[in-house]
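Reading the structure
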Protein chains: 2
Amino acid sequence: MKTKLLRRDFFKKIFAGTLVFLIPTFVKKAIARQKDHAPLLSKSNNETLKTIHSLRTIHGNFKDQPISQGNLDTILQASIQAPSGSALQTYSIIVIKDREKMKRICGYQGAALLLYCVDYNRLIASAKSLGHSYNPDGMQIYITGTTNTILAVQTAVIAAKALGIDSLTTNGIHRGDMQRVWDEVELPEKHCFPLIALVLGYPTEEPKYHKGRLDGPGVFHNEKYHLPTKEELAEITRKYDDDELHIRLSDDWKADHDHYLDWLFTKRFSRFSKPISKETQAFKMLKRGRFVDMQNS
Amino acid sequence: MKTKLLRRDFFKKIFAGTLVFLIPTFVKKAIARQKDHAPLLSKSNNETLKTIHSLRTIHGNFKDQPISQGNLDTILQASIQAPSGSALQTYSIIVIKDREKMKRICGYQGAALLLYCVDYNRLIASAKSLGHSYNPDGMQIYITGTTNTILAVQTAVIAAKALGIDSLTTNGIHRGDMQRVWDEVELPEKHCFPLIALVLGYPTEEPKYHKGRLDGPGVFHNEKYHLPTKEELAEITRKYDDDELHIRLSDDWKADHDHYLDWLFTKRFSRFSKPISKETQAFKMLKRGRFVDMQNS
């Protein structure tokens, strides 16, 4: 049965290959032109939208199967195509294949880890090499730098998915003592901050369902900000409880809580029930990095 | 001549359409299967990678041509497919079609402006509606919130491009007095910060060339951080000067400077020649928003 299927697949591929070969070039070009210019309303006939709608997060259940260097290079080259303020590319991407190191850095393992850091040290070094002084200090620099960085991250996520490679974007690097991340990959103390870890790989098993998302009031706003009304908030609560929508993080609420959001705010995020009262390590690291608070910037 | 070209195009399309129609379903399926599973090394045969490599920033030269509501909805629905820490979707997307308002908010105009704000107010309101207290304060909250937000921004950028719609991601919202942005769209003062404006539209003219990007040392790092050597910095300087690579922001350096990077650091970014010495408005706004510095967080 399996052999028969394989043989049928083989002939289909041969036939498909031949047929594609037989389509004259000018016809291919005409098809391509149509693809480029026609407004495509539906996600169902647009490969890029299909890729985006197939995105999924794998929580560390990646096979011990490597990604080819070719695919990795394709992902990296795609990543830097993201828009970048003043064409500065204010980031460093550390490519890590050492699985033990991945675990120590972010708590997860995959075929590769791309550690995305907002980083101005290349630019500072360039300025210095030409005899100039460049001091990218302060919060505005941090905002622009991190924006450039995360635009590149998501471009890599989508490019990877286009190659059939799944991913996890995790701030596991900020859990525990963050200094380990600087130590593990020898990051500069100043003007550099590890922002997110992108773990890439192939999942050990297919997720049981595709995650949904909350849309509507509270997410999309029309012309001006609209805080959801009482009725809209009730609808949001209902949507998170809905077993079909899959927009929640977990089913752990079901045993002891009326609603998923009850569990979220009283259990999962119980630490936020009171305003915070001490300096976080993230803030300390950003202060050391000259991104915040020197001269109260 | 034009008529002849048009007629030729017409017949090509008819022919292409017929031919595609004639391909048997099982062959189409075989082609689709190949697309789904084969590792695709090259950007040339993968629609998603082609979309990513066709990304370009339009600096406000957008036609006065609207985007259909269908396309706008497709972009918004794609945007929220981005990964989101703890499935929280810590953002608000304000859709603005009023062209005068766009100009006032970010300095640019297009068919639509999507104002992406890191925003915890929906979550706070949900908590309150269920009788809970949720205080998303401090820098770690800001980092996670902004990361979720920019992941959604770039997903919108790529989805728009897949529909043939170009874009500009701009921090024009942070130029001048930022308070105007809060006023224009009635943003909450706390736990909300407008992060980036995404202007969408169709360009008035095709850009003359496709922008390149810096790759190699200083951008990609292998297993650990590597600050470019003297030779690598010289190569980076050379790449920015290269007329074929198009990785620089502008050609304004050519009149008075030896290198593009000389211009960048002494002219464009002359304000960074000395360390900053006063609090930026961005920092003030983030303090007001409880993202930084209350109890030195």
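Bear in mind that the values here come from a model prediction, so they are computed numbers and not experimental data.

1. Quick word on the overall build of chain A
Helix and strand content of chain A: eleven helices and five strands. Counting over 297 residues, chain A shows a buried share of 44%. In chain A, the proportion of contacts linking residues at least 24 apart, taken out of those at least 6 apart, comes to 75%.

2. Considering the relation of the copies chain A and chain B
Expressed as a screw operation, the relation of chain A to chain B combines 0.0 Å of axial shift with a rotation of 180°, fitting to an RMSD of 0.0 Å. Taken together, these values place the two copies in the relation of a two-fold axis. When C-alpha distances to the rotation axis are compared across chain A, the minimum falls at A:Thr48, with a value of 2.2 Å. Comparing interface residues between copies, 99% of those in chain A also sit at the interface in chain B, which points to an isologous, same-surface contact.

3. What about unusual backbone geometry?
All names here are of chain B. A positive phi angle, close to 55°, is found at Glu186, a residue other than glycine. Positive phi, normally seen in glycine, also occurs at Glu223, with a value near 70°. Position of Glu223 relative to the elements: it lies in the loop between β5 (220-222) and α9 (230-241).

4. So, the sheet that holds strand β2 (residues 112-119) of chain B
Strand order across the open sheet formed by five strands is β5(A)-β1(B)-β2(B)-β4(B)-β3(B), with mixed pairing between neighbours. On the outer flanks of this sheet lie β5 (220-222) of chain A together with β3 (166-170) of chain B, each paired with one strand and no other. Neighbouring strand axes in the sheet, compared pairwise and without regard to direction, differ in orientation by 25° on average. Inspection of the sheet shows strand β1 (residues 91-96) of chain B paired to β2(B) by six bridges, in the antiparallel sense. Note on β2(B): the bridge partner recorded for B:Tyr91 is B:Val118.

5. A few points about the interface of chain A and chain B
You'll often see interface size given as the accessible area lost when the parts meet. Every contact between the two is made by 129 residues of chain A and, on the other side, 128 residues of chain B. Bridge count for β5(A) against β1(B) is three bridges, and the pairing is parallel. Residue pairing across strands places A:Phe220 opposite B:Ile93, the latter belonging to β1(B).

6. Thoughts on the packing of helix α11 (residues 281-288) of chain A against helix α7 (residues 139-162) of chain B
α7(B) packs onto α11(A) with a crossing angle of 85° between their chain directions and a minimal axis gap of 7 Å. With respect to each other, α11(A) and α7(B) are oriented roughly perpendicular. Seen from α11(A), the contacting residues are A:Ala282, A:Phe283 and A:Leu286; seen from α7(B), they are B:Met139, B:Gln140 and B:Ile143.

7. Things to note about helix α11 (residues 281-288) of chain B
Residue and element names in this part refer to chain B. Three or more residues of α11 are buried, namely Ala282, Phe283, Met285 and Leu286. Seen from one end, α11 has its buried residues packed into an arc of 160°, which puts them on one side. Backbone geometry just downstream of α11 places Arg290 in the positive-phi region, at approximately 70°.

8. Some details on the pairing of strand β4 (residues 192-201) of chain B
All names here are of chain B. Among the ten residues of β4, ten are classified as buried, and the element is accordingly described as predominantly covered. Where β2 meets β4, eight bridges bridge the pair, whose relative direction is antiparallel. In the sheet register, Ala112 faces β4, and the bridge partner there is Leu200. In this sheet, β4 lies alongside β3 in antiparallel orientation, the contact comprising five bridges. Across the sheet, the residue bridging to Ser167 is Leu200, located in β4.

9. Thoughts on the confidence of the model for chain A
Residues and elements named next belong to chain A. With 84% of its residues at a pLDDT of 70 or more, chain A shows a mean pLDDT of 87. Low confidence marks residues 1-41, where pLDDT is under 50. Its contacts with residues over four positions away, or in another chain, come to 35 contacts. Across the predicted assembly, pTM comes out at 0.85 and ipTM at 0.85.

10. What to know about the environment of A:Ile143
With respect to the helices, strands and loops of the structure, A:Ile143 is situated in helix α7 (residues 139-162). Given 24 C-beta atoms within 10 Å, A:Ile143 falls into the buried group.

11. Description of the nonpolar core
In this structure, A:Leu113, A:Tyr116, A:Leu198 and B:Tyr116 are the most contacted members of the largest nonpolar core, which totals 163 residues. Other than its neighbours up to four places away in sequence, A:Leu198 contacts A:Leu113, A:Leu114, A:Tyr116, A:Val153, A:Ala156, A:Val157, A:Ser167 and A:Thr169.

12. Section: the pairing of β3(B)
Regular strands have side chains that alternate between both faces of the sheet. The buried fraction of β3(B) is high, at five of five residues. Of the two faces of β3(B), the one carrying B:Asp166, B:Leu168 and B:Thr170 and the one carrying B:Ser167 and B:Thr169 are both buried.

13. A closer look at the sheet that holds strand β4 (residues 192-201) of chain A
Read across the sheet, five strands follow the order β3(A)-β4(A)-β2(A)-β1(A)-β5(B) without closing on themselves; strand pairing throughout is mixed. Here the strands that pair on one side only, and so sit at the sheet edges, are β3 (166-170) of chain A together with β5 of chain B. Across the sheet, the mean angle separating the axes of adjacent strands is 25° when strand polarity is ignored.

14. Notes on α7(A)
All names here are of chain A. In this model, α7 (24 residues) spans 35 Å end to end at C-alpha, consistent with the 34 Å of a helix rising 1.5 Å per residue. Burial analysis of α7 places 23 of its 24 residues in the buried class, the great majority of the element. In the stretch just after α7, Gly164 is the one whose phi turns positive, near 80°.

15. Here's the deal with the packing of helix α9 (residues 230-241) of chain A against helix α6 (residues 121-129) of chain B
Here α9(A) crosses α6(B) at 90°, and the two axes come no closer than 10 Å. Classified by the angle between their axes, α9(A) and α6(B) sit roughly perpendicular to one another. For the pair α9(A) and α6(B), the contacting residues are A:Lys230, A:Leu233, A:Ile236 and A:Thr237 in the first and B:Ala125, B:Ser126 and B:Ser129 in the second.

16. With respect to the environment of A:Gly212
As for its position among the elements, A:Gly212 is in the loop between β4 and β5. The sequence separation of A:Gly212 and A:Thr48 amounts to 164 residues, and the corresponding C-alpha distance is 18 Å.

17. Observations concerning the environment of A:Ile96
Along the chain, A:Ile96 turns up in strand β1 (residues 91-96). Its 22 C-beta neighbours within 10 Å are what place A:Ile96 among the buried residues. On a C-alpha basis, the gap between A:Ile96 and A:Ala112 in space is 5.8 Å, while along the polypeptide they are 16 residues apart. Not counting residues within four places of it along the chain, the set of residues in contact with A:Ile96 comprises A:Lys101, A:Met102, A:Ala112, A:Leu113, A:Leu115 and B:Glu223.

Rules and cut-offs
Numbering of residues starts from 1 in each chain and follows the order in which that chain's sequence is written. Here chains are named by letter from A upward and ligands by number from 1 upward, in the order in which they appear as written. It should be noted that, the model being predicted, local features are given only for residues of pLDDT at least 70 and side-chain atom pairs only at 80 or more, the latter also being counted only at that level, while totals for whole chains, interfaces and linings use all residues. The helix and strand labels rest on DSSP assignments: H or I over at least four residues marks a helix, E over at least two residues marks a strand, and numbering proceeds from the N terminus. Three exposure classes are used, all based on how many other C-beta atoms lie within 10 Å of a residue's own C-beta (placed from the backbone): buried at 20 or more, exposed at 12 or fewer, and partly exposed between those limits. For every residue pair, C-beta atoms are placed from the backbone, and the pair is scored as a contact if these atoms sit within 7 Å. To superpose the copies, least squares is applied to the C-alpha atoms of every residue with a pLDDT of at least 70 in both. By the convention used here, strands pair only if DSSP detects at least 2 bridges between them. For helices, the fitted line uses only the C-alpha atoms of the stretch in contact; every axis is such a line through C-alpha atoms, and the angle between N-to-C directions lies from 0 to 180 degrees. Note on angle classes: values under 35 degrees are labelled roughly parallel, values over 145 roughly antiparallel, values of 65 to 115 roughly perpendicular, and the remainder oblique. The directions considered for the arc are those from the helix axis to the C-beta atoms. Note: pLDDT gives the predictor's confidence per residue, expressed from 0 to 100. Put simply, a nonpolar core is buried Ala, Val, Leu, Ile, Met, Phe, Trp, Tyr and Cys residues tied into one set by C-beta atoms within 7 Å. Given the number of residues in a helix, its expected span is that number minus one, multiplied by 1.5 Å.

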